[in-house]
Amino acid sequence: MNINQIMVIGAGQMGSGIAQVCAMAGFDVILHDIKEEFIEKGIGNIQKNLNRQVEKGRLEEREKEAILSRVTTSVALENASKADLVIEAVVENMDVKTQLFKMLDQFAPDHAILASNTSSLPITEIAAATERPEKVIGMHFMNPVPVMKLVEIIRGLQTTDEVYETIEAVSKKLSKVPVEVNDFPGFISNRILMPMINEAIFAVYEGVATPEAVDEIMKLGMNHPMGPLTLADFIGLDTCLYIMETLHEGFGDDKYRPCPLLRKYVKAGWLGKKTGKGFYTYA
Ligand code: CAA
Ligand code: NAD
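The following paragraphs examine the structure supplied in this document. (Residues numbered from 1 in each chain as written. Chains lettered and ligands numbered in written order. Predicted model: local features only at pLDDT ≥ 70, side-chain atom pairs only at ≥ 80, totals over all residues. Heavy atoms only, no water.)

**Quick word on the site of ligand 1**
Here is step 1 of the chain: The local shell around ligand 1 holds 18 residues, among which Lys56, Arg58, Ser119, His140 and Asn143 are the closest.
Here is step 2 of the chain: Residue lysine 56 places a side-chain N or O atom 2.2 Å away from an oxygen atom belonging to ligand 1.
Here is step 3 of the chain: Serine 119 is positioned such that a nitrogen or oxygen atom in its side chain is 2.8 Å from an oxygen atom of ligand 1.
Here is step 4 of the chain: In the complex, the protein chains occlude 63% of the 1,000 Å² of accessible area that ligand 1 would expose alone. (Near = heavy atom within 4 Å. Polar contact = N/O pair within 3.5 Å; in protein donor to acceptor, adjacent residues only side chain to side chain. Areas by Shrake-Rupley, 256 points an atom, 1.4 Å probe, with all protein chains shown as cover.)

**Quick notes on the site of ligand 2**
Here is step 1 of the chain: Inspection of the region around ligand 2 gives 23 residues, with Asp33, Glu92, Lys97, Ser119 and Ile235 positioned closest.
Here is step 2 of the chain: Note that an oxygen atom of ligand 2 is positioned 2.8 Å from one of the side-chain N or O atoms of lysine 97.
Here is step 3 of the chain: Asparagine 143 places a side-chain nitrogen or oxygen 3.0 Å from an oxygen atom of ligand 2.
Here is step 4 of the chain: Secondary-structure elements contributing two or more residues to the shell around ligand 2 are α1 (13–24) and β6 (136–141).
Here is step 5 of the chain: Taken together, the residues of the shell around ligand 2 break down into nine nonpolar, 10 polar and four charged. (Helix = DSSP H or I, 4+ residues; strand = E, 2+ residues; numbered from the N terminus. Nonpolar A, V, L, I, M, F, W, Y, C, P; charged D, E, K, R; others polar.)

**As for unusual backbone geometry**
Here is step 1 of the chain: The residue after asparagine 143, namely proline 144, is reached through a cis peptide bond having omega 0°.
Here is step 2 of the chain: If you trace the backbone, proline 144 turns up in the loop between β6 and β7 (150–155).
Here is step 3 of the chain: Positive phi is not limited to glycine here, since phenylalanine 187 has a value of about 55°.
Here is step 4 of the chain: By secondary structure assignment, the location of phenylalanine 187 is in the loop between β8 (177–182) and α7 (189–205).
Here is step 5 of the chain: Of note, asparagine 223 is a non-glycine position whose phi angle comes to about 60°, a positive value.

Put into structure tokens, the structure is as follows:
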């Protein structure tokens, strides 16, 4: 299937990164969010990243301008009518995503593939909100998108081979490495990563060590590029909590219960780097 126009829904940290790598690979991109101010922030992120590439001499100014000119913006979901592929990257909430996919199903052309960048939610359930479950798939990018090589591709129960192969080819065109998994809560990435982060939060909650000590141990002892609490702040504590809740509910196993300290921070609005406060404070 030929993909030319990609619509990215949600201009937050993931959506803006996805829009950037799609435009850099030569695709025309529509970046959509609910408010102009969110889109401006997303475009600002893309400009900042591209400026850094220009300063480092890896990108010509005119290439930067060409990439930016391939990104148009939208606050009207009807613009999905122009898309061959929609990649959704809104908040990690099943109700929000199913509502959105219902509407996308109405506006997107019949041939369009609807992909979700969900971290953990069942693709089969998102697909069931549409009349085209065979064209719904998980396309899970890692944060920060311009840097991380992996795209975890999740097949829903009814996803066709043709749709899978198209998304695999698009991922390769984005210079990413696609890895296929089946549809179970948290897939592979977050089934393994998030319980580690949750355990690190329990260690702080129980007073075993400070966040700084936990992070230093995992960085120096296990060669992780970021300690688990720095990484949790980076991902967003709200997203971490929603992923743990999906694992807990999906497997019905108490080993996935979210740490009460994680809940408390999210209730307080301490969502990590994006709000300036989480396990650490950000300027
Ligand atoms: N956006 C774009 N580029 C970024 C960036 C960002 N937010 N942050 C860093 N970079 C780039 C830098 O420009 C630099 O590029 P060059 O090498 O080309 O100059 C490169 O990344 C390295 O950056 P730094 O030297 O500033 O810092 P670093 O060496 O500490 O690397 C990092 C930063 C790549 C983020 C590294 O700390 C890292 O790999 N951290 C772990 C990230 C991770 O685990 N991500 C997965 C999260 S889980 C997930 O995404 C799934 C989910 O569903 C929750
Ligand atoms: P974010 O909070 O940075 O951005 C979410 C964006 O979606 C916001 O700009 C918000 O205005 C917009 N939005 C919310 N509802 C919308 C709607 N109905 N229509 C259009 N836009 C809407 O979140 P994020 O960290 O970018 O995460 C987005 C998705 O990507 C989540 O599903 C998350 O689980 C997943 N994900 C996150 C990470 C991570 O490290 N943060 C990694 C991989 C996947």
